[in-house]
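So the chains spell out like this:
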Amino acid sequence: MFAYTLKRLVQMIPALLGIIVITFILSRVLPGDPAIMLAGEQAPEEIVNKIRQDMGLDKPLYIQFFAYIGQLLQGDIGYAYHTGHSVASDLTSRFPATIELTLASILIAVLIAIPVGIVAATRKESLLDHISRVFSLIGACVPIFWLGLMFIYIFYSILGWAPAPMGRISGDLNPPVHITGLYVLDSLLSADSAALKSSLAHLLLPAICLSTGTMAIIARMTRSSMLEVVDQDFVRTARAKGLRESAVIYKHALVNALIPTLTVLGLQFGFLMGGAVITETIFSWPGIGGYVTDSILAADYAPIQAFTLVSAVLYCGINLAVDLIYGFIDPRIRYE
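Because the structure is a prediction, the values reported are computed rather than measured.

**Q** Looking at this structure, I do not really get the packing of helix α1 (residues 2-28) against helix α13 (residues 301-329). What am I missing?
**A** Axes are the key here: two packed helices are described by the angle between their axes and the distance separating the axes. At a minimum axis separation of 10 Å, α1 and α13 run at an interaxial angle of 155°. When the axes of α1 and α13 are compared, the pair comes out roughly antiparallel. Here α1 runs over α13; the crossing is right-handed. Here the residues of the contact of α1 with α13 are counted per class, giving 15 nonpolar, 7 polar and 3 charged.

See below:
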């Protein structure tokens, strides 16, 4: 497994290099001049030119690119001119919020979608199966921004069940003691019940909104995988041996049907990171979303490039982890 893991890590290098090149080029063709954005529209030309020179934007594109690669090799992901801080410090302060939102949405999707997929497969063509298919179709089609606005309108404005969609915790409470940066986990570790209740209340709606599309896809994948597995010989043999139906479904069929679902779950991580940018903007969630949006509006290249690179590294790492988990679920899988 070590050799396989090392081989996969080496294979990630060309992919990450491609992402670095594409992101660099795309960031340079964005409309807007960072020097003018920083100096102001009415700034004298000489000041704009001086800022452009300080930012290195007066140099040819290939020199800017090799300078950027040199920075990355030294572990420097750049400086955010619109915040006045290094990109690393900005990401460090904001990334826990995005990770908490993404993990919560994945957890919600798994806890709901897999049981729904199992029920739909074991009761094929029943009313529950039809409801699950409608649910999956709606979940896959509804845009995140529209769903988020509807959630805020219904659960905050009309029903008053949800807190104001502003931040990760109520304004009259102090955040929990910083341990991991994840408010829910930190509240549990520090036994802060008030912070736990408030952080959960603020997390619930954006996490459900973000998880909807993933939930629909996982439910459909689980259903179709289970339908393929339940008719195979080893499942019929398990039933013939007199095992309880729950043991047949969960110990024999589900374990073998989980591999396609895990694959989709790994692929969905990239979607969730992208969707988090939209969800965070709608719910004023202080994560990476607002930071990236502000960076794009300010034509600030370094944060855009850093976010894309970090997301790509996380995406590749999670897909590698998913591939390694295959071997634990199905011992017949061997790594070469």
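Once you've had a look at it, read on.
**Q** Help me out: how do you make sense of a nonpolar patch on the surface in this one?
**A** On the surface, F2, L6, L9, V10, I13 and L17 cluster together into a nonpolar patch covering about 600 Å² of accessible area. Take F2: it is sitting in helix α1.

**Q** Mind showing me how you'd approach the state of the cysteines here?
**A** Counted under the stated rule, the structure contains 0 disulfides. Free cysteine: C141, not disulfide-bonded; nearest cysteine sulfur from C209 at 15 Å. Note on C141: relative accessible area 56%, which makes it exposed.

**Q** How should the side chain of D300 be read in this particular structure?
**A** Inspection of the secondary structure puts D300 in the loop between α12 (288-297) and α13. One buried charge, D300, has no salt-bridge partner; the nearest side chain with opposite charge is R28, at 8.8 Å. Reaching out from D300, the side chain makes a polar contact with the backbone nitrogen of Y81 at a distance of 2.8 Å. Non-local contacts of D300, meaning those with residues more than four positions away in its chain, are made with Y79, A80, Y81, H82 and S295.

**Q** How should I be thinking about helix α3 (residues 45-54) in this particular structure?
**A** Given 3.6 residues per turn, any residue in an α-helix points the same way as the ones three and four places further on. Every buried residue of α3 is accounted for by V48, I51 and R52. In an axial view of α3, the angular spread of the buried residues amounts to 100°, which keeps them on one side of the axis. Exposed and oriented more than 90 degrees from the buried face of α3 are E46 and D54. On its buried side, α3 packs onto α2 (34-39). Phi turns positive one or two residues past the end of α3, at G56, with a value near 80°.

**Q** Before we go on, may I ask you to explain unusual backbone geometry in this structure?
**A** Note: most residues except glycine have negative phi, and most peptide bonds are trans. Notably, E125 is not glycine yet its phi reads approximately 65°, a positive angle. Inspection of the secondary structure puts E125 in the loop between α5 (87-122) and α6 (127-141). Look at E125 and you get partly exposed, because its relative accessible area is 47%. Positive phi is not limited to glycine here, since A191 has a value of about 55°. The residue A191 is located in the loop between α8 (183-189) and α9 (193-230) in this model.

**Q** Which parts of the structure should I look at to understand the packing of α1 against helix α4 (residues 61-73)?
**A** Where α1 contacts α4, the two axes come as close as 11 Å, and the packing angle between them is 130°. One finds that α1 runs oblique with respect to α4. Between α1 and α4 lies a crossing of right-handed hand. Together, I20, V21, F24 and R28 of α1 and L61, Q64, F65, Y68, I69 and L72 of α4 make up the contact between the two elements. Taken together, the residues that form the contact of α1 with α4 break down as 8 nonpolar, 1 polar and 1 charged.

**Q** It is not clear to me how the nonpolar core should be interpreted in this structure. Could you clarify?
**A** Among soluble globular proteins, nonpolar side chains are generally buried collectively. One finds V87, L203, M226 and F283 to be the most contacted residues of the largest nonpolar core, which totals 54 residues. For this core, the secondary-structure elements that each account for two or more residues are α5, α7 (144-158), α9, α10 (233-240), α11 (245-282), α12 and α13. Setting aside anything within four residues of it in sequence, one finds L203 in contact with E100, L101, A104, V184 and W285.

**Q** Looking at this model, I keep getting lost on the environment of S190. Mind explaining?
**A** Tracing the sequence through the fold places S190 in the loop between α8 and α9. We classify S190 as partly exposed; its relative accessible area is 25%. Between the alpha carbons of S190 and V255 there is a distance of 36 Å; along the sequence they are 65 residues apart. Within the structure, S190 has its side chain in polar contact with the backbone oxygen of D186 (distance 2.7 Å).

**Q** Which parts of the structure should I look at to understand the pattern of salt bridges?
**A** Note that side chains of opposite charge can pair when their charged atoms are close. On inspection of all chains with the given rule, the structure shows 8 salt bridges. Between R8 and D323 there is a salt bridge whose closest N-O contact spans 2.3 Å. One end of the pair, R8, is in helix α1; the other, D323, is in helix α13, and 315 residues separate them in sequence. We classify R8 as buried; its relative accessible area is 17%. With a relative accessible area of 17%, D323 lands in the buried category.

**Q** How should the environment of A195 be read in this particular structure?
**A** Within the secondary structure layout, A195 lies in helix α9. For the pair A195 and Y250, spaced 55 residues apart in sequence, the C-alpha to C-alpha distance is 37 Å. Setting aside its immediate chain neighbours within four residues, A195 contacts I169, N174, P176 and S187.

**Q** What exactly am I supposed to notice about the packing of aromatic side chains here?
**A** In this description, an aromatic ring pair is defined by two values, namely the gap between the centres and the angle between the planes. A complete count under the given rule lists 6 aromatic pairs for this structure. Summarising the aromatic geometry, the rings of F24 and F65 are spaced 5.2 Å apart at their centres and angled 70° between planes, so their arrangement reads as edge-to-face. Remark: F65 occurs in helix α4 and F24 occurs in helix α1; sequence separation between them is 41 residues. Exposure class is identical for F24 and F65. Each is buried. Both rings, one in F155 and one in W161, keep their centres 6.3 Å apart while their planes meet at 40°; by these two values the pair is tilted. In textbook terms, an aromatic cluster arises when at least three aromatic residues are bridged by ring pairs, as seen for F24, F65, F66 and Y68. A cation sits over an aromatic face here: R168 above Y183, 3.8 Å from the ring centre.

Definitions and limits used
Residues numbered from 1 in each chain as written. Predicted model: local features only at pLDDT ≥ 70, side-chain atom pairs only at ≥ 80, totals over all residues. Heavy atoms only, no water. Axes fitted to C-alpha atoms, helices over the stretch in contact; angles between N-to-C directions. Helix = DSSP H or I, 4+ residues; strand = E, 2+ residues; numbered from the N terminus. Parallel < 35°, antiparallel > 145°, perpendicular 65-115°, else oblique. Left-handed = near helix turned anticlockwise from the far one by under 90°. Nonpolar A, V, L, I, M, F, W, Y, C, P; charged D, E, K, R; others polar. Patch = residues over 30% accessible without salt bridge, like charges linked within 9 Å, V, L, I, M, F, W, Y side chains within 5 Å. Areas by Shrake-Rupley, 256 points an atom, 1.4 Å probe, with all protein chains shown as cover. Salt bridge = Lys/Arg side-chain N within 4 Å of Asp/Glu carboxyl O. Disulfide = S-S within 2.5 Å. Buried < 20%, exposed > 50% of the residue type's maximum accessible area, 1.4 Å probe, protein only. Lys, Arg positive; Asp, Glu negative; His and termini not counted. Polar contact = N/O pair within 3.5 Å; in protein donor to acceptor, adjacent residues only side chain to side chain. Contact = heavy atoms within 4.5 Å. Arc of directions from axis to C-beta. Core = buried A, V, L, I, M, F, W, Y, C linked by side-chain atoms within 4.5 Å. Phe/Tyr/Trp six-rings, centres within 6.5 Å; stacked < 30°, edge-to-face > 60°. Lys NZ or Arg CZ within 6 Å of the ring centre and 35° of its normal.

Shape is all these values report; function is a separate question.
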